[in-house]
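What follows is each chain in one-letter form.
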Amino acid sequence: MSTSELSTCSSSTLELRPKAPVRKKRIRSMVMSFTGNRPLYEEEWFHGVLPREEVVRLLKNKGDFLVRETIRNDESQIVLSVSWNGHKHFIIQTTADGHYRFEGPPFPSIKELIMHQHQSELPVTVKSGAILRRPVLRERWELSNDDVILLEKIGRGNFGDVYKAKLKSTKQDVAVKTCRMTLPEEQKRKFLQEGRILKQYDHPNIVKLIGICVQKQPIMIVMELVPGGSLLNFLRKNANTFTSKQLMGMCKDAAAGMRYLESKNCIHRDLAARNCLIDFENSVKISDFGMSREEEEYIVSDGMKQIPVKWTAPEALNFGKYTSLCDVWSYGILMWEIFSKGNTPYSGMSNSSARERIDAGYRMPAPENTPPEMYRLMLKCWSAEPESRPHFDEIYTVVEALMLRE
Ligand code: ADP
């Protein structure tokens, strides 16, 4: 049996299927295949079902390699990925008697096969010439699915349910977003994008990433648990209890988080009360980075299907052009949501009529009891020209100063 090479470069989708597709049951046992005392998924160079896009990011230098699992047409396969004149992906073949091999001799376990390839310095296939030089070990973010115990469902996300959970090692309470197993690979990739963005950030007003679980399905994102849940629900449930200063404090927290994101060149693109979380001290944390982009300017090319129209700046709706100043527009809407204690913006208007009226110069009136300076700030955030809007640094300074006067 010869080895199948899946692709020759990171961006290609060239697929050479294995000549004899291996049945799911057989592969399951490959993941479980014990190497010494350890199942494959405990090897530090085994990255579970980490999507190819992430894998390619990890393989930086010539000869870097790792092993992962991929699901194709409902069949699970174990793949060796190597950085070698681009990126090469080799499916591990099984022999009739349950051994594992590439082109060379078969071995009783995947670990032994990989060790042999590494130590012998022989190419994985003659054609590829790829030699294994350095195993890429799991990053500290890559948790094992068994490291978390799911406790109760606390929300519903776009990709799957959200759970309160506990980390086995530290007993820390966490929130876990799960990704439905049935979603296509493309969606799973998008799901993990949030984890990739969040792992770089560390700020009290940005929800913290603890890790991603990709050792097996379902893939999950583990985050700090923000006990009050969504800011929108919190505002609605406790509408009669807030002082003006508390509402301003929420605006200040959100501005602090957004100022940090702007300094990191991150455009959130979906800032709204539903995507903020609130903790026990009424501190707001920006969450839901599913649409975020790390760019100074982002032009949408993949259609505007799921755009939150009532939160989105006109230049993004009309020309697909996103910058941090679009987030500033959305921040103005978030301020309005906070002071209206969770009302829906432009209520009674459809998305398209709200859009038309905004283009014609309409702006929402101030919610009852909004301090006039805060409303003035909202209106500045809703300037038709992005350049006339304040940056988050300025917004933060203004809100902080107003709070001191309260
Ligand atoms: P998605 O990005 O898939 O739309 P969300 O981020 O909107 O998912 O999460 C859905 C819901 O789950 C939120 O509205 C909130 O109630 C809950 N939730 C999400 N993350 C957390 C967290 N870190 N702590 C507490 N609750 C959370």
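It should be emphasised that the depicted structure is a prediction, and the values quoted were computed from it without experimental measurement. (Residues numbered from 1 in each chain as written. Predicted model: local features only at pLDDT ≥ 70, side-chain atom pairs only at ≥ 80, totals over all residues. Heavy atoms only, no water.)

Visitor: What is the right way to look at the site of the ligand in this model?
Guide: In the region of the ligand, 17 residues are neighbours, and Asn-158, Lys-177, Glu-224, Val-226 and Asp-288 sit closest. Glu-224 is positioned such that a nitrogen or oxygen atom in its backbone is 2.9 Å from a nitrogen atom of the ligand. Computed on the free molecule, the ligand has an accessible area of 550 Å², of which 89% lies beneath the protein chains in the complex. A majority-of-atoms criterion places the ligand in the largest pocket. For the shell around the ligand, the secondary structure elements donating two or more residues are strand S11 (148–156), strand S13 (173–178) and strand S15 (220–224). A per-element tally of the shell around the ligand places S11 first, with three residues. Looking at the shell around the ligand residue by residue, the classes come out as nine nonpolar, four polar and four charged. (Near = heavy atom within 4 Å. Polar contact = N/O pair within 3.5 Å; in protein donor to acceptor, adjacent residues only side chain to side chain. Areas by Shrake-Rupley, 256 points an atom, 1.4 Å probe, with all protein chains shown as cover. 1 Å grid on protein atoms, 1.4 Å probe; cavity = no way out; pocket = protein on both sides within 12 Å on 5 of 7 lines; lining within 4 Å. Sits in = over half its atoms within 2 Å of the grid points. Helix = DSSP H or I, 4+ residues; strand = E, 2+ residues; numbered from the N terminus. Nonpolar A, V, L, I, M, F, W, Y, C, P; charged D, E, K, R; others polar.)

Visitor: Got a minute to help me understand the sheet that holds S15 in this structure?
Guide: Hydrogen bonding along the main chain pairs the strands of a sheet, whether they run parallel or antiparallel. Across the sheet, which stays open at both edges, the six strands sit in the order S10-S14-S15-S13-S12-S11 with mixed pairing between neighbours. Edge positions in the sheet fall to strand S10 (142–143) and S11, since each of these pairs with one other strand and no more. Pairing analysis gives seven bridges linking S11 to strand S12 (residues 161–167), with the strands arranged antiparallel. Directly across from Arg-156, in S12, lies its bridge partner Asp-161. (Pairing = 2+ DSSP bridges.)

Visitor: Just checking my understanding: could you explain helix H3 (residues 110–120) for this structure?
Guide: If you check which residues of H3 are buried, you get Ile-110, Leu-113, Ile-114 and Gln-117. For H3, the angular spread of the buried residues around the axis is 95°, confining them to a single face. Directly after H3, the chain includes Glu-121, whose backbone phi takes a positive value near 55°. (Buried < 20%, exposed > 50% of the residue type's maximum accessible area, 1.4 Å probe, protein only. Arc of directions from axis to C-beta.)

Visitor: Explain the pairing of S15 to me, please; I cannot follow it from the model alone.
Guide: Two faces belong to every sheet, and in a regular strand the side chains alternate between them. The buried count for S15 comes to five of five residues, which makes it a mostly enclosed element. In this sheet, S15 lies alongside S13 in antiparallel orientation, the contact comprising five bridges. Bridge pairing links Thr-178 to Met-220 in S15. Two strands pair when backbone bridges link them, and strand S14 (residues 209–213) and S15 are joined in this way by four bridges, in the antiparallel orientation.

Visitor: Help me understand helix H6 (residues 244–263) in this model?
Guide: One turn of the α-helix equals 3.6 residues, which is why residues spaced by three or four share an orientation. When the terminal C-alpha atoms of H6 are compared, their 28 Å separation across 20 residues agrees well with the 28 Å that a helix rising 1.5 Å per residue should span. Asn-265, located one to two residues past H6, shows a positive phi value of around 60°. (Expected span 1.5 Å × (residues − 1).)

Visitor: Just checking my understanding: could you explain the packing of H6 against helix H11 (residues 392–405) for this structure?
Guide: The relative placement of two packed helices is expressed as an angle between their axes plus a distance between the axes. Where H6 contacts H11, the two axes come as close as 8 Å, and the packing angle between them is 155°. One element, H6, and the other, H11, form an angle in the roughly antiparallel class. For the pair H6 and H11, the sense of crossing is left-handed. Seen from H6, the contacting residues are Lys-245, Met-248, Gly-249, Cys-251, Lys-252, Ala-255, Ala-256, Met-258, Arg-259 and Glu-262; seen from H11, they are Phe-392, Asp-393, Ile-395, Tyr-396, Val-399, Glu-400, Leu-402 and Met-403. (Axes fitted to C-alpha atoms, helices over the stretch in contact; angles between N-to-C directions. Parallel < 35°, antiparallel > 145°, perpendicular 65-115°, else oblique. Left-handed = near helix turned anticlockwise from the far one by under 90°. Contact = heavy atoms within 4.5 Å.)

Visitor: Help me understand the packing of aromatic side chains, please; the structure alone is not making it clear to me.
Guide: Any aromatic ring pair is given by two values, namely how distant the centres are and how the planes are angled relative to each other. Following the criterion strictly, the structure yields seven aromatic pairs and no others. Their ring planes at 70° and their centres at 6.4 Å tell us that Phe-90 and Phe-102 sit as a pair that is edge-to-face. Placement of Phe-90 in strand S6 (residues 87–91) and of Phe-102 in the loop between strand S8 (100–101) and H3 is noted, with a sequence separation of twelve residues between them. Arranged with centres 5.6 Å apart and planes meeting at 50°, the rings of Phe-234 and Phe-242 form a pair that is tilted. For the pair Phe-234 and Phe-242, a shared accessibility class is recorded, and that class is buried. An aromatic cluster is defined as three or more aromatic residues linked by ring pairs; in this entry it consists of Tyr-201, Tyr-260 and Phe-289. One cation-aromatic arrangement involves Lys-216 over Tyr-41; the distance from NZ or CZ to the ring centre is 5.7 Å. Across from the ring centre of Trp-311, 4.3 Å away, lies the NZ or CZ of Arg-274, which sits over that ring. (Phe/Tyr/Trp six-rings, centres within 6.5 Å; stacked < 30°, edge-to-face > 60°. Lys NZ or Arg CZ within 6 Å of the ring centre and 35° of its normal.)

Visitor: For this particular structure, what's the right way to read the pattern of salt bridges?
Guide: Where charged atoms from two side chains of opposite charge come close, those side chains can pair. By the definition in use, this model includes 20 salt bridges. The partner of Arg-134 in a salt bridge is Asp-64, with the nearest N and O atoms 3.1 Å apart. Of this pair, Arg-134 sits in strand S9 (residues 134–135) while Asp-64 sits in strand S4 (residues 64–72), and the two are 70 residues apart along the sequence. A relative accessible area of 42% places Arg-134 in the partly exposed class. When its relative accessible area of 2% is taken as the criterion, Asp-64 is described as buried. In this structure, the salt-bridge partner of Glu-194 is Lys-177, at a minimum N-O distance of 2.8 Å. Here the residue Glu-194 occupies a position in helix H4 (residues 185–198), and Lys-177 occupies one in strand S13, the gap between them amounting to 17 residues. Like Lys-177, Glu-194 is buried. (Salt bridge = Lys/Arg side-chain N within 4 Å of Asp/Glu carboxyl O.)

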